[in-house]
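A look at the structure
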Amino acid sequence: MTETFDLAVIGAGSSGCVVASELVRAGRKVALVEAGPDYGRFSRRWPRDVRDPRRRTDRHDWGLEAELTRGETTAEPRARVIGGCSAHNECAAVWPPREDIDAWRVSGWSSAELWPLVDRVEGARGGSAIRGRHGPLVTAPWTDGPLTAWQSAFVDAAVASGYDRLDDVSSPAPATGVAPFHANVRDGVRWNAAFAFLDPVRGRKELSIFAGTEALKLEMRSGRVDALLCRRGRKQLRILADAYVLCAGVYGSPLLLLRSGLHWRAVGRGLQDHPGVALTFDRAPGAPRELGSPNVYRSQVVLRASSGASLLGWDLHVLPYQADGELLVFVFFMAPSSRGVVDLRDGRPRIRFRFFAGEGAVDLDALEAGVGIAREIAGRLSFVRVVDPSSSVRARSIRRWIRENVTGYAHATGTCRIGTGPEGVVDARTQVRGLANVHVVDASIIPRIPRANTNLLCMLIGMRAAQLVGS
Ligand SMILES: Cc1cc2nc3c(=O)[nH]c(=O)nc-3n(C[C@H](O)[C@H](O)[C@H](O)COP(=O)(O)OP(=O)(O)OC[C@H]3O[C@@H](n4cnc5c(N)ncnc54)[C@H](O)[C@@H]3O)c2cc1C
């Protein structure tokens, strides 16, 4: 291929769709490279597993695995389709607390600088003043009508336990309370980043979409990248651009840097997710039939609670979850200290979260308190009974039970951190240190995981970075 683009954007997920769209609007000639398929503008032709927010998809997944603690390995879902993880996630639309962003202390990335862009990402109905009103990503709160029986029973039990009802889970105050999530669901469709940001610029001559095209390697010479080597089916192709923007996600972006020979210590280090555990329940006689149904919304409400283990006003998400006929209450610690790593072994990604290792030992205190809160609320749910082994675990061994049953919240971040210290992989303009024409723009640059679900933040990162990359 001899055509040269202004920019090659690699990965069409939550961040990549925003970056590509903004750069095209600015008149730049963009190649958008995505390993997964593209089904075009939104239409009912899109497969049901990515359209229906009640479903998860195996067909559009990378099939990764991650080690959570030493020896405990599990599937780590990551979408492989235009729209990225926004095309298979739970659609919880949550903004991080502004003080969590300010704690990053990165020039140009304070909450005061980022927040004006919220209005260019989100077009919210209802909720607090913190939400955007004019952006293309439509969000609305789950209200009492469509809440499933499991979700509304949890809200009632949390209120009966003394928690306030919050008007919005993104409101700064009061610190604790229970609220329905805002969700990016539109007419029953999981409204992913491709529908919101890419559809309006599809068809523009500045945009070329290379779907089903996996980026393999950046070809470098004298501190610059000359070309992107890709595989499409059995064929290899080279894409040439003046600059390359890696939006391949928290695993894809560091792996591409590593495969291209950038083996510095910081690349792939700093991986974080919110660690959690689940209490599992069985239906008691007289329970609503819907509690056994596989085809319901999995997650619609959340309780913000305080473990008392940190100095923060709240640090836990406690949420009811219903999947494939299973009833759960998850407890996640939202301000974890543990950090892990992603690297290459025999050419394959090796993901290790190292929950509770090193400084992360304090995260166990918070989860222990959280399990107590979840049990107290669950005790008020009349039509179910706790069946998981934690209920028979004595206080003495609860920490071991948490270690052995820990899970992630699917909010992985931090593998190519933004910052000027030795841990920084990209500078405040998102440029990879020492590589003149390569940027990373996605969940991997988040230097410290905030107390929030990460989809909206990744879109906001895309919006901010487009200003920096495009200028
Ligand atoms: C199961 C699940 C549920 C979640 N639920 C929620 C939720 O309810 N609310 C919320 O806020 N957050 C949620 N999240 C997290 C959120 O969706 C992610 O943090 C966010 O989408 C990440 O955006 P990103 O741009 O960093 O990467 P992604 O959206 O993952 O995009 C990366 C893209 O790059 C492509 N790619 C990767 N490598 C290559 C390569 N070598 N060549 C070409 N293309 C490549 C991928 O196929 C993908 O399309 C969930 C995540 C998961 C996995």
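As shown above, the structure is provided for reference.
Just so it is clear, the structure is predicted and the values come from calculations on it, not from any experiment.

**Thoughts on the overall build of the protein**
Broken down by element type, the protein carries 11 helices and 24 strands. Seen through its principal axes, the protein has C-alpha atoms that stretch 70 × 45 × 45 Å. As displayed, the protein has an accessible area near 18400 Å², and 47% of this comes from carbon and sulfur atoms. Considering the protein, the positive charge centre built from 62 side chains and the negative charge centre built from 50 side chains are found 4 Å apart.

**Observations regarding the sheet that holds strand 21 (residues 340-345)**
Reading across the sheet, the five strands line up as 4-3-22-21-16 and stay open at both edges, with mixed pairing between neighbours. Each of the sheet's edge strands pairs with one partner strand only, and the pair in question is strand 4 (72-76) and strand 16 (269-271). For this sheet the average axis-to-axis angle between neighbouring strands, irrespective of direction, equals 35 degrees. In the sheet, strand 16 pairs with strand 21 via two bridges, with the strands oriented antiparallel. When the bridges of strand 21 are listed, leucine 271 appears paired with glycine 340. Seen against the sheet, helix 8 (residues 249-259) touches strand 3 (64-69), strand 4, strand 16, strand 21 and strand 22 (348-352) and runs at an angle of roughly 50 degrees to strand 21.

**Considerations on the pattern of salt bridges**
In this structure the tally under the stated criterion is 27 salt bridges. A salt bridge links arginine 451 to aspartate 100; the nearest nitrogen and oxygen atoms lie 2.8 Å apart. Of this pair, arginine 451 sits in the loop between strand 24 (438-440) and helix 11 (455-470) while aspartate 100 sits in helix 3 (residues 98-102), and the two are 351 residues apart along the sequence. By relative accessible area, arginine 451 is classed as buried at 4%. Taking relative accessible area as the criterion, aspartate 100 reaches 12% and is therefore assigned buried. A salt bridge links arginine 400 to glutamate 404, with the shortest nitrogen-to-oxygen separation between them at 3.6 Å. Of this pair, arginine 400 and glutamate 404 both sit in helix 10 (residues 398-405), four residues apart, which is roughly one turn of that helix. Taking the relative accessible area as the measure of exposure, glutamate 404 reaches 44% and is therefore partly exposed. Among the charged side chains, a network of salt bridges with common partners joins Arg48, Asp52, Arg54 and Arg55.

**Quick word on helix 10**
Taken together, the buried positions of helix 10 are occupied by Ile398, Trp401 and Ile402. Down the axis of helix 10, the smallest arc covering the buried residues is 100 degrees, so these residues share one side.

**Here we look at the site of the ligand**
Around the ligand there are 38 residues in total, and Ser14, Glu34, Ala92, Thr454 and Asn455 lie nearest to it. Here an oxygen atom of the ligand sits 2.7 Å away from a polar atom, N or O, in the side chain of serine 14. Valine 81 places a main-chain nitrogen or oxygen 3.2 Å from an oxygen atom of the ligand. Protein burial of the ligand: of its 1000 Å² of free accessible surface, 97% is covered by the chains. When residues of the shell around the ligand are traced back to their parent elements, those giving at least two are helix 1 (14-25), strand 13 (214-221), helix 8 and helix 11. Its residues assigned to classes, the shell around the ligand comprises 16 nonpolar, 15 polar and seven charged.

**Quick word on the side chain of serine 253**
As for its position among the elements, serine 253 is in helix 8. Beyond its immediate stretch of four places on either side in the chain, serine 253 contacts Leu246, Cys247, Ala248, Cys416, Val440, Asp442 and Ser444.

**Quick word on the packing of aromatic side chains**
What the rule picks out here adds up to 14 aromatic pairs. Residues phenylalanine 5 and phenylalanine 210 carry aromatic rings whose centres are separated by 6.0 Å and whose planes lie at 85 degrees to one another, so their mutual orientation is edge-to-face. Here the residue phenylalanine 5 occupies a position in strand 1 (residues 4-10), and phenylalanine 210 occupies one in strand 12 (residues 207-210), the gap between them amounting to 205 residues. Note on accessibility: phenylalanine 5 and phenylalanine 210 belong to one class, buried. An aromatic cluster is built from Tyr39, Phe42, Trp46, Trp191 and Phe195, whose rings are joined through pairwise contacts. In this structure, arginine 80 packs its charged tip against the face of tryptophan 62, placed 4.0 Å from the ring centre.

**Let's talk about the pairing of strand 22**
Looking at chain direction, strand 3 and strand 22 are connected through two bridges and run parallel. Residue pairing for strand 22: alanine 66 is matched across the bridge by isoleucine 351. One ladder, built from five bridges, connects strand 21 with strand 22; its direction is antiparallel. Within the sheet, the bridge partner assigned to aspartate 343 lies in strand 22 and is arginine 350.

**Examining the nonpolar core**
As a rule of thumb, nonpolar side chains are buried together in soluble globular proteins. Within the largest apolar cluster, 161 residues are counted, with the highest numbers of intra-cluster contacts made by Phe197, Ile239, Tyr251 and Leu257. Looking at this core element by element, the count peaks at 10 residues for helix 11. Each of domain 1 (4-62 + 77-109 + 189-270 + 412-470) and domain 2 (143-180 + 274-405) gives at least three residues to this core. Those residues in contact with leucine 257 that sit more than four places away from it in its chain are Leu218, Leu246, Leu262, Val267, Cys416, Val425, Val432 and Val440.

**Thoughts on the pairing of strand 1**
Within strand 1, five of the seven residues are buried, leaving the element largely enclosed by the surrounding structure. Where strand 1 lies against strand 2 (residues 30-33), four bridges are found, and the strand directions are parallel. Looking across to strand 2, one finds that valine 9 is bridged to leucine 32.

Criteria and thresholds
Residues numbered from 1 in each chain as written. Predicted model: local features only at pLDDT ≥ 70, side-chain atom pairs only at ≥ 80, totals over all residues. Heavy atoms only, no water. Helix = DSSP H or I, 4+ residues; strand = E, 2+ residues; numbered from the N terminus. Areas by Shrake-Rupley, 256 points an atom, 1.4 Å probe, with all protein chains shown as cover. Lys, Arg positive; Asp, Glu negative; His and termini not counted. Charge placed at Lys NZ, Arg CZ, Asp CG, Glu CD. Pairing = 2+ DSSP bridges. Axes fitted to C-alpha atoms, helices over the stretch in contact; angles between N-to-C directions. Contact = heavy atoms within 4.5 Å. Salt bridge = Lys/Arg side-chain N within 4 Å of Asp/Glu carboxyl O. Buried < 20%, exposed > 50% of the residue type's maximum accessible area, 1.4 Å probe, protein only. Arc of directions from axis to C-beta. Near = heavy atom within 4 Å. Polar contact = N/O pair within 3.5 Å; in protein donor to acceptor, adjacent residues only side chain to side chain. Nonpolar A, V, L, I, M, F, W, Y, C, P; charged D, E, K, R; others polar. Phe/Tyr/Trp six-rings, centres within 6.5 Å; stacked < 30°, edge-to-face > 60°. Lys NZ or Arg CZ within 6 Å of the ring centre and 35° of its normal. Core = buried A, V, L, I, M, F, W, Y, C linked by side-chain atoms within 4.5 Å. Domains from an automatic or database assignment.

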